[in-house]
Amino acid sequence: MHKTESLREADRLMTICNACRYCEGLCAVFPAMEMRRTFTAGDLNYLANLCHQCGACYTDCQYSPPHEFDVNIPKALAALRRDSYAQYVWPGFLRGAFSRNGLVAVLLAALSLVGFLLGFAELISSNALYSAQAGNFYRLMPHNAMVWVFGLVALFCIASFALGMRAFWRDVRGSESAPGISGFWRALADSLHLTYLHGGGDGCTSESEAPSSARRIYHHLTFYGFLLCFVATCVGTIYHYAFGWFAPYPLLSLPVVLGTLGGIGLIVGPVGLAVLTAKRESMLTDPGQRAISLAFLWTLMLVSVSGLLLLALRDTGAMGILLAIHLGFVLGLFLALPYGKFVHGLYRFLALVKYAGERNKGAFVE
Ligand code: SF4
Ligand code: SF4
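These remarks concern the structure in this document. (Residues numbered from 1 in each chain as written. Chains lettered and ligands numbered in written order. Predicted model: local features only at pLDDT ≥ 70, side-chain atom pairs only at ≥ 80, totals over all residues. Heavy atoms only, no water.)

### Thoughts on the side chain of Thr285
Phase 1: Structurally, the position occupied by Thr285 is in the loop between helix 11 (254–279) and helix 12 (287–312).
Phase 2: By relative accessible area, Thr285 is classed as buried at 8%.
Phase 3: Side chain to side chain, Thr285 and Gln53 meet in a polar contact 3.1 Å long. (Helix = DSSP H or I, 4+ residues; strand = E, 2+ residues; numbered from the N terminus. Buried < 20%, exposed > 50% of the residue type's maximum accessible area, 1.4 Å probe, protein only. Polar contact = N/O pair within 3.5 Å; in protein donor to acceptor, adjacent residues only side chain to side chain.)

This is the structure we're talking about:
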């Protein structure tokens with residue numbers, strides 16, 4: 001008998017689906033399920049993290065409520081996914097953040113913001129904070145101070161992600177051998193294309209029973225917006241250390257163009273996803289998952305809006321305050337990353353790696 005309610009419910013539903021198998025063409029979850037006759041906790045966590053919550057199996061199911069079988073796969077797997085995030089998190093004493101992540105994210109962002117503002121006031125005269133600095137951020141916060149603060153936070157995040165992923169892989173791997181490099185590339189391609197967010201081909205069911213591609217498009221905008229901002233930061237770092245080209249960079253320079261495009265994606269994508277999440281039928285999702293999703297989307301939006309405002313007003317006297325606000329939100333986002341929705345991408349990627357390994361063995365036919 002499984003230890004938690006979410007595991008027991010997922011086990012019950014997978015057992016029903018394994019007898020039915022009507023949905024086997026919709027996504028990766030059902031072919032992977034058909035490989036098993038019984039389900040360990042690791043199997044169920046693997047299947048839960050393979051699910052993209054497109055909703056197709058709910059609308060297609062003849063046993064969904066009000067049928068007495070009460071089959072609701074998207075909701076049950078969403079609840080189990082959230083529990084799995086808490087199970088694998090490092091350090092373990094912070095696992096409670098997944099049940100109150102909205103509050104944690106906002107508090108972290110606010111405290112970071114206050115810390116930055118106070119630090120600025122201590123280090124620099126208030127005149128410098130309120131006067132135009134020709135877009136030169138480093139007159140307000142020295143480059144080395146920025147590198148130390150964000151470098152330490154980034155290292156903490158990387159350690160937390162690595163240990164969480166190791167715990168996940170150990171739990172779900174079972175007796176499988178490593179999937180090999182081809183499995184890795186297959187999983188990467190499936191992640192980058194969101195292959196299994198198509199809901200069997202027609203799209204994702206969000207606000208009605210009519211499938212639509214909107215959720216996948218907004219998810220792509222969010223993901224690639226985040227990636228562009230990351231690349232912009234890397235290019236700026238290379239400019240600084242390799243070529244001695246120091247910020248502020250011109251508006252048409254590579255880091256600014258990449259950062260601006262990424263920032264736009266990080267506003268349009270999260271706004272679209274937040275609207276779809278708000279409109280989504282409540283029976284299709286777990287309330288806890290909805291809360292951590294919205295907290296993450298709001299934090300991304302605040303980072304992007306403050307970043308683009310900072311770019312637009314960097315030559316004015318508002319630059320100091322905007323820089324403090326933007327850095328505060330960025331720091332809050334980074335501190336909250338291991339304890340919020342962001343981790344779904346890491347565990348889903350590993351689940352896809354395992355799925356690619358099973359598929360490579362030719363154990364089932366799609
Ligand atoms: S979700 Fe419903 S229709 Fe689909 S396999 Fe499960 S029981 Fe069958
Ligand atoms: S919600 Fe979509 S991705 Fe999840 S199991 Fe159902 S069909 Fe598959």
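Still more to cover.
### Looking at the site of ligand 2
Phase 1: Around ligand 2, the surrounding shell consists of Leu26, Cys27, Val29, Phe30, Cys51, His52, Gln53, Cys54, Gly55, Cys57, Ile73 and Pro74.
Phase 2: At the level of secondary structure, the elements contributing two or more residues to the shell around ligand 2 comprise helix 2 (29–34) and helix 5 (73–88).
Phase 3: The class makeup of the residues in the shell around ligand 2 is 9 nonpolar, 3 polar and no charged. (Near = heavy atom within 4 Å. Nonpolar A, V, L, I, M, F, W, Y, C, P; charged D, E, K, R; others polar.)

### Remarks on the site of ligand 1
Phase 1: The environment of ligand 1 is made up of Ile16, Cys17, Cys20, Arg21, Tyr22, Cys23, Phe30, Cys57, Cys61, Gln62, Tyr63 and Ile73.
Phase 2: At 3 residues, the largest contribution of residues to the shell around ligand 1 is made by helix 1 (residues 5–20).
Phase 3: A per-class count over the shell around ligand 1 returns 10 nonpolar, 1 polar and 1 charged.

### Remarks on unusual backbone geometry
A negative phi angle characterises most non-glycine residues, just as the trans form characterises most peptide bonds.
Phase 1: The amide bond that connects Trp90 to the next residue, Pro91, takes the cis arrangement and shows omega of -10°.
Phase 2: Turning to its location among the elements, Pro91 is positioned in the loop between helix 5 and helix 6 (101–123).
Phase 3: The omega torsion across Ala247 and Pro248 is 10°, close enough to zero to call that bond cis.
Phase 4: Structurally, the position occupied by Pro248 is in the loop between helix 10 (214–243) and helix 11.
Phase 5: Residue Arg21 is not a glycine yet carries a positive backbone phi of 65°.

### Describing a nonpolar patch on the surface
Phase 1: A surface patch of nonpolar side chains, amounting to about 720 Å² of accessible area, comprises Ile217, Leu221, Leu251, Leu252, Val257, Leu261, Ile264 and Val268.
Phase 2: Among the secondary structure elements, those contributing two or more residues to the nonpolar patch are helix 10 and helix 11.
Phase 3: Ranked by the residues each element gives to the nonpolar patch, the list is headed by helix 11, at 4 residues.
Phase 4: With respect to the element layout, Ile217 can be found in helix 10. (Patch = residues over 30% accessible without salt bridge, like charges linked within 9 Å, V, L, I, M, F, W, Y side chains within 5 Å. Areas by Shrake-Rupley, 256 points an atom, 1.4 Å probe, with all protein chains shown as cover. Salt bridge = Lys/Arg side-chain N within 4 Å of Asp/Glu carboxyl O.)

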